[in-house]
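Fold and geometry: a report
What follows is the residue order along each chain.
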Amino acid sequence: MKRLYLPLILFLFLVMEGVALDLLPGSLLTGDLLIVPHWVLIFLVFITIFYDKETTYFSIIYALTFGLLIDVVYTGILGVYMFSYAFAIYIIHLLNKMLHGNIHVSILLGAVAVILSDISIHVIYLVAGVNDMMWKDYFMTRLLPTLISNLVFLVVLYPIVVKRLTTWGQEQLSRSNTL
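An unreviewed UniProt entry lists the protein chain under the name Rod shape-determining protein MreD, with Oceanobacillus jordanicus given as the organism.

Right under this line is the structure:
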């Protein structure tokens, strides 16, 4: 049963991303700012830091799967989020081998993941001709507000999920060692 917890939580965040902007005050949404919730990506960062070990790649498999689901549900081009989430989580997985898991590292790696994925999404959309936003406008009106809002979500979620993910990761490791 515990094997279903991570996909179910990721699916819940996938659904909640669609209504996330409706939960924000209207004054934030009336300006030029574009806020993109990457809640699935933030939870994937937590899975990478606290659940995965150096030799397991559950987070990358989940990034591919849920990135494709985001593409199917919310975008018109398949593979954009799948590639960008898997790429960002792979880089986070490599960086995590050099760092210890705590709140500061989580914020740093969360920021790196959001920046990598959002810039790669923007580049793919530029190449595909879907988006024509200038880089200066992109950084000020989309990347910065997206980064700040997702880091606030990370800090709020951190005390709720860290202990559970660490426990589940240790149970997963002990199960694989006994087989």
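1. Points about the pattern of salt bridges
Pairs can form between side chains of opposite charge whenever their charged atoms are close. Under the defined criterion, the tally for this structure stands at one salt bridge. Here Asp-118 makes a salt bridge to Arg-142, at a shortest N to O gap of 3.1 Å. With Asp-118 in helix H6 (residues 103-128) and Arg-142 in helix H7 (residues 135-178), the pair connects residues that are 24 residues apart, well separated along the chain. Here Asp-118 and Arg-142 have matching classes, each one buried.

2. Overview of the nonpolar core
Counting 47 residues, the largest nonpolar core has Val-40, Phe-43, Leu-44, Phe-46, Ile-47 and Leu-165 as the members making the most contacts within it. Among the secondary structure elements, those contributing two or more residues to this core are helix H1 (5-23), helix H3 (39-51), helix H4 (58-74), helix H5 (80-96), H6 and H7. Looking at this core, the element that brings in the most residues is H3, giving twelve residues. Excluding residues that lie within four positions of it along the chain, Phe-46 makes contacts with Tyr-51, Ser-106, Leu-154, Leu-157, Tyr-158, Val-161 and Leu-165.

Definitions and limits used
Residues numbered from 1 in each chain as written. Predicted model: local features only at pLDDT ≥ 70, side-chain atom pairs only at ≥ 80, totals over all residues. Heavy atoms only, no water. Salt bridge = Lys/Arg side-chain N within 4 Å of Asp/Glu carboxyl O. Helix = DSSP H or I, 4+ residues; strand = E, 2+ residues; numbered from the N terminus. Buried < 20%, exposed > 50% of the residue type's maximum accessible area, 1.4 Å probe, protein only. Core = buried A, V, L, I, M, F, W, Y, C linked by side-chain atoms within 4.5 Å. Contact = heavy atoms within 4.5 Å.

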